[in-house]
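For reference, the chains in residue letters:
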Amino acid sequence: MKKYLIEDAWCIIEDGFHPEFQEVSESIFSLGNGRFGGRGNFEEGYSGKTLPGAYFAGVYYPDVTRVGWWKNGYPEYFAKVLNGVHWIGLEIKIDGEKLDLATTPCTHFRRTLDMQQGLLQRSFEISPASGGTLSFAFERFCSMADPDVACIELRINSTGFTGRLEVTPFLDFDVHNRDANYGDQFWIAAKTSQDETHAMVSSKTKKTNFTVSSFMHTATTLNDHISIPSTGKRESKKVSNHFEAEIQDGSSLRCRKLVVNLNSLYVADADQPSEGKRKLSEVVQKGYDEIKREHIEAWKDIWDTADIQITGDLPAQQGIRFNIFQLWQTYTGKDARLNIGPKGFTGEKYGGSTYWDTEAYCIPFYLSTGDAGVARNLLVYRYLHLPKAIENASKLGFSDGAALYPMVTMNGEECHNEWEITFEEIHRNGAMVYAIYDYIRYTGDTSYLLEGGLEVMISICRFWKQRVNYSRDKNAWVMLGVTGPNEYENNVNNNWYTNYIARWCWQYTIEQIKWAAENHPVEWETIQEKLNYQDGESDDWRERIKGIYLPFDETRSVYLQQDGFLDKELQPVKALPSSDLPLNQKWSWDRILRSCYIKQADVLQGMYFFEDHFEADTVRRHFEFYEPMTVHESSLSPCVHAILASRLGMKDKATEMYHRTARLDLDDYNNDTEDGLHITSMAGTWMSVVRGFAGLRVIRDELHFEPSIPDEWDGLAFTVHFRGRIMKIAITKDECEVVLRSGSAIPVFVRGERRELNIE
Ligand code: BGC
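Here is a short report on the structure shown in this document. (Residues numbered from 1 in each chain as written. Predicted model: local features only at pLDDT ≥ 70, side-chain atom pairs only at ≥ 80, totals over all residues. Heavy atoms only, no water.)

Observations regarding empty space enclosed by the protein
Then step 1. Evaluated as defined, the whole model comprises 5 cavities of 30 Å³ or more.
Then step 2. Size it by volume and the largest cavity reaches roughly 110 Å³.
Then step 3. Taken together, 16 residues line the largest cavity, and the ones lying closest to its centre are R39, N41, G53, A54 and I88.
Then step 4. Within the residue set of the lining of the largest cavity, elements represented by two or more residues are strand 4 (36-38) and strand 12 (133-142).
Then step 5. Here the lining of the largest cavity is built from residues that sort into 7 nonpolar, 7 polar and 2 charged.
Then step 6. Taken together, G40, N41, F42, E43, R111, L120, Q121, R122, F138, E139 and R140 make up the lining of the second largest cavity.
Then step 7. Contributing elements (two or more residues each) for the lining of the second largest cavity: strand 11 (119-126) and strand 12.
Then step 8. Grouping the constituent residues of the lining of the second largest cavity by class yields 3 nonpolar, 3 polar and 5 charged. (1 Å grid on protein atoms, 1.4 Å probe; cavity = no way out; pocket = protein on both sides within 12 Å on 5 of 7 lines; lining within 4 Å. Points joined across faces, edges and corners; volume = space filled by probe spheres on them. Helix = DSSP H or I, 4+ residues; strand = E, 2+ residues; numbered from the N terminus. Nonpolar A, V, L, I, M, F, W, Y, C, P; charged D, E, K, R; others polar.)

Shown next as structure tokens:
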């Protein structure tokens with residue numbers, strides 16, 4: 001745990017420089033705009049511990065897989081999130097000495113992430129050898145209003161300093177990935193160009209041929225009105241503009257760098273030079289202040305429906321806003337080719353961009369905080385990958401259109417390469433169907449079923465059908481050799497969660513086929529033809545629905561995580577010395593596998609997804625059995641437990657779990673924030689509040705609330721989109737007010753009591 005950041009409702013503040021946590025801060029102070037973003041690296045460079053990172057959504061590199069022992073079926077590459085052009089660079093020299101906070105002592109250091117306005121600001125003072133003080137103030141943002149644009153401003157003020165200042169804004173494509181498997185550089189030789197209006201650097205990825213081009217326009221003024229001329233410089237991978245000025249006591253220097261970043265997902269390779277120049281001149285015309293104003297307006301619009309206000313608990317308030325801010329700057333829902341990587345634009349770890357995290361955790365967040373099109377684009381992303389999912393399954397020996405979605409992907413192909421995950425953690429397929437169900441029940445929009453949903457669902461059902469086998473011994477359908485959500489168990493038989501969700505996939509798909517056949521026979525016929533779906537196909541599913549094996553212990557009356565779970569030595573986590581935790585850093589893998597300890601919700605993940613299938617008493621019994629053995633070493637775990645605990649009235653547990661998820665990165669709970677933020681689990685934080693403390697549920701197409709806020713909180717307020725309406729919910733310890741902000745009249749239920757909402 002680290003507690004060096006100041007608590008504030010809208011800002012993340014580091015007051016006084018903490019070089020020992022520099023990489024953690026770089027993650028926390030990351031910026032993005034859905035299209036590109038990067039870590040909170042210092043513009044002027046830093047020779048201490050640092051992880052430089054600038055990332056472009058959807059731009060990846062297939063690094064050659066590295067494993068100890070090759071297994072047939074392994075993907076040949078692991079898609080890496082690419083560190084791209086270093087566009088923030090702005091070198092500073094004072095009397096010829098390079099400014100570098102790793103070696104130059106500074107005072108009054110303060111860095112602030114203003115989440116309301118989407119601005120990263122940093123200020124500090126230094127005392128140059130020749131006397132006096134220089135104060136520095138940086139501001140940076142990635143425009144939310146125009147996703148090609150970013151801006152940086154630097155102001156330097158002299159108090160008693162007389163001497164030479166040099167500022168050199170630059171763009172540099174000499175970049176590497178720290179996680180490169182064989183130390184390769186992933187970009188081919190860069191191109192540069194420069195004239196009085198612009199400077200550009202451009203490069204192409206090896207193998208995948210993505211082109212990224214970065215353009216800058218820079219202007220530096222003395223005392224806000226004397227424009228300083230620059231000299232440009234072109235190197236093989238770098239372009240820079242150099243400004244120099246003699247300054248005196250009371251003088252100030254201001255440097256503004258306007259950046260346009262283009263990539264070939266949006267602008268064809270060959271068009272980038274001309275389009276970049278055109279765009280840059282438009283941006284220059286508009287000017288820094290106007291670009292910033294539009295950017296702040298765009299954030300205002302997002303916060304208007306995405307914000308959560310918590311009164312009476314400042315750390316909780318700051319935590320939730322940080323989570324919401326990071327999610328929206330990672331994914332804005334405008335492009336169905338993009339997704340939400342577990343680290344977003346904040347680090348390299350995990351590679352790929354898409355895990356089941358999107359379907360299981362992120363979709364509910366975007367459903368409520370954005371319009372339906374945002375979540376729908378996430379569904380379409382998987383539909384676009386269906387052919388690859390079918391190919392992926394066929395590589396593993398499945399046939400007849402069975403689809404296995406990858407555990408980790410960029411373009412639909414699997415790129416995970418640990419056999420226990422790649423081949424076995426197949427429950428991810430269930431989350432794809434669950435997301436469709438979640439989308440439909442929340443938005444009421446069934447059109448997606450006909451426009452891709454049913455194809456995905458049927459292909460997944462085909463996979464499940466082939467993945468189970470009939471056990472004569474058990475007289476039931478069993479699923480062997482799987483890894484459930486709890487990755488601290490591998491190659492187990494009959495993981496309850498996986499068997500349960502497979503059964504549900506068949507059931508739900510059969511119902512939706514019936515709906516399509518009755519209501520949209522023409523479209524249904526087209527789908528049937530496309531998939532070569534035969535009427536009798538679902539009979540096999542029905543047989544399996546009836547006979548699938550769900551391990552259950554009669555004595556305790558609990559479903560078992562998997563066959564043989566009770567043979568383990570069952571002990572609560574609290575029986576372990578705290579020096580053994582986290583297990584994944586302290587224990588051998590072998591010891592973890594044999595233990596009863598659970599990484600993240602597994603049976604409880606199922607009870608969370610399908611809570612209306614289980615009575616509260618049943619959920620409580622399972623919670624009391626499994627939670628004490630759960631170490632929550634996946635960031636996805638505490639939120640699910642927070643939601644269930646809220647439902648069960650276990651307020652203290654819910655609050656404990658909430659704090660763990662909400663401030664996971666701000667307090668560096670798991671000692672790994674330096675690698676990047678846990679972006680996807682941030683959606684879980686939001687769910688802990690809205691589905692947990694506010695108890696939001698969709699029951700039979702209607703919105704229900706069962707609020708119960710933590711004792712320390714005075715109030716909770718948030719806004720949700722629901723079926724074309726926007727409503728504002730304000731909860732205190734005794735009251736729950738729901739107001740319709742836009743859309744037609746609709747009933748909602750608060751603790752079971754029906755209220756008619758109308759615009760007043
Ligand atoms: C979790 C997975 C998750 C992945 C990416 C792992 O630690 O066990 O469930 O998909 O992280 O967030």
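Having put the structure on the table, let's press on.
As for the state of the cysteines
Then step 1. Inspection of the entire model under this criterion finds 0 disulfides.
Then step 2. Unpaired in this structure, C461 has its nearest cysteine sulfur neighbour in C505, at a distance of 5.8 Å.
Then step 3. Look at C461 and you get buried, because its relative accessible area is 0%. (Disulfide = S-S within 2.5 Å. Buried < 20%, exposed > 50% of the residue type's maximum accessible area, 1.4 Å probe, protein only.)

So, the sheet that holds strand 22 (residues 308-311)
Then step 1. Spatially, 22-29-30-31 is the arrangement adopted by the 4 strands of the open sheet, whose pairing is antiparallel. What marks the edges here is a single partner per strand, and that holds for strand 22 and strand 31 (736-742). The average undirected angle you get between the axes of adjacent strands in this sheet is 15 degrees.
Then step 2. Both strand 22 and strand 29 (residues 715-722) contribute to a ladder of 4 bridges, which runs antiparallel. Each bridged residue has a counterpart across the sheet, and for I310 the counterpart in strand 29 is L716.
Then step 3. Contacting strand 22, strand 29, strand 30 (725-732) and strand 31, helix 3 (residues 288-306) crosses the sheet at an angle of about 105 degrees to strand 29. (Pairing = 2+ DSSP bridges. Axes fitted to C-alpha atoms, helices over the stretch in contact; angles between N-to-C directions. Contact = heavy atoms within 4.5 Å.)

Considering the pattern of salt bridges
Opposite charge on two side chains lets them pair, provided their charged atoms get close.
Then step 1. Going through the model one piece at a time under the given rule, you end up with 60 salt bridges.
Then step 2. Across the pair E23 and K49 runs a salt bridge whose closest N-O atoms are separated by 3.6 Å. Of this pair, E23 sits in helix 1 (residues 22-28) while K49 sits in the loop between strand 4 and strand 5 (54-56), placing them 26 residues apart in sequence.
Then step 3. Given the relative accessible area of 5%, E23 is considered buried.
Then step 4. Salt-bridge contacts for E451 lead to R376; the nearest nitrogen and oxygen are separated by 2.3 Å. Within this pair, whereas E451 is found in helix 10 (residues 447-467), its partner R376 is found in helix 6 (residues 372-384), the two being separated by 75 residues in sequence.
Then step 5. Each member of the salt-bridge network shares a partner with another, and the members are E153, R155, D224, R254, R256 and D289. (Salt bridge = Lys/Arg side-chain N within 4 Å of Asp/Glu carboxyl O.)

With respect to the site of the ligand
Then step 1. Surveying the vicinity of the ligand reveals the residues Y350, Y355, W356, D357, E487, K599, Q600, S634 and L636.
Then step 2. With respect to the ligand, the side chain of K599 contributes an N or O atom lying 2.8 Å from an oxygen atom.
Then step 3. Burial of the ligand by the surrounding chains reaches 93%, relative to a free accessible area of 310 Å².
Then step 4. Here the residues of the shell around the ligand sort into 4 nonpolar, 2 polar and 3 charged. (Near = heavy atom within 4 Å. Polar contact = N/O pair within 3.5 Å; in protein donor to acceptor, adjacent residues only side chain to side chain. Areas by Shrake-Rupley, 256 points an atom, 1.4 Å probe, with all protein chains shown as cover.)

Regarding the environment of T205
Then step 1. Structurally, the position occupied by T205 is in the loop between strand 16 (199-204) and strand 17 (211-222).
Then step 2. We classify T205 as buried; its relative accessible area is 1%.
Then step 3. Sequence separation between T205 and F186 is 19 residues; the distance between their C-alpha atoms is 5.8 Å.
Then step 4. The residues touching T205, leaving out its near neighbours within four places in the chain, are V59, Y60, L82, F186, W187 and F210.
Then step 5. There is a polar contact of 3.0 Å between the side chain of T205 and the backbone nitrogen of N209.
Then step 6. Among the polar contacts made by the side chain of T205, one reaches the main-chain amide nitrogen of F210 at a distance of 2.7 Å.

Observations concerning a negative patch on the surface
Then step 1. Where like charges cluster on the molecular surface, the negative patch consists of D734, E735, E737 and E760.
Then step 2. Note that E737 resides in strand 31.
Then step 3. The class for E737 is partly exposed, based on a relative accessible area of 48%. (Patch = residues over 30% accessible without salt bridge, like charges linked within 9 Å, V, L, I, M, F, W, Y side chains within 5 Å. Lys, Arg positive; Asp, Glu negative; His and termini not counted. Charge placed at Lys NZ, Arg CZ, Asp CG, Glu CD.)

A word on the packing of aromatic side chains
Then step 1. A complete count under the given rule lists 60 aromatic pairs for this structure.
Then step 2. Taken together, a centroid distance of 6.4 Å and an interplanar angle of 70 degrees make the contact between F565 and F625 edge-to-face. With a gap of 60 residues between them, F565 in the loop between strand 26 (558-559) and helix 14 (583-586) and F625 in helix 17 (residues 616-626) connect regions that are remote in the sequence.
Then step 3. By relative accessible area, F565 is classed as buried at 0%.
Then step 4. Above the plane of the ring of F170 lies K238, whose end atom (NZ or CZ) is 4.3 Å from the centre. (Phe/Tyr/Trp six-rings, centres within 6.5 Å; stacked < 30°, edge-to-face > 60°. Lys NZ or Arg CZ within 6 Å of the ring centre and 35° of its normal.)

Describing the side chain of R39
Then step 1. Along the chain, R39 turns up in the loop between strand 4 and strand 5.
Then step 2. Side-chain polar atoms of R39 contact the side chain of S27, separated by 2.8 Å.
Then step 3. A polar atom in the side chain of R39 sits 2.8 Å from the backbone oxygen of L51.

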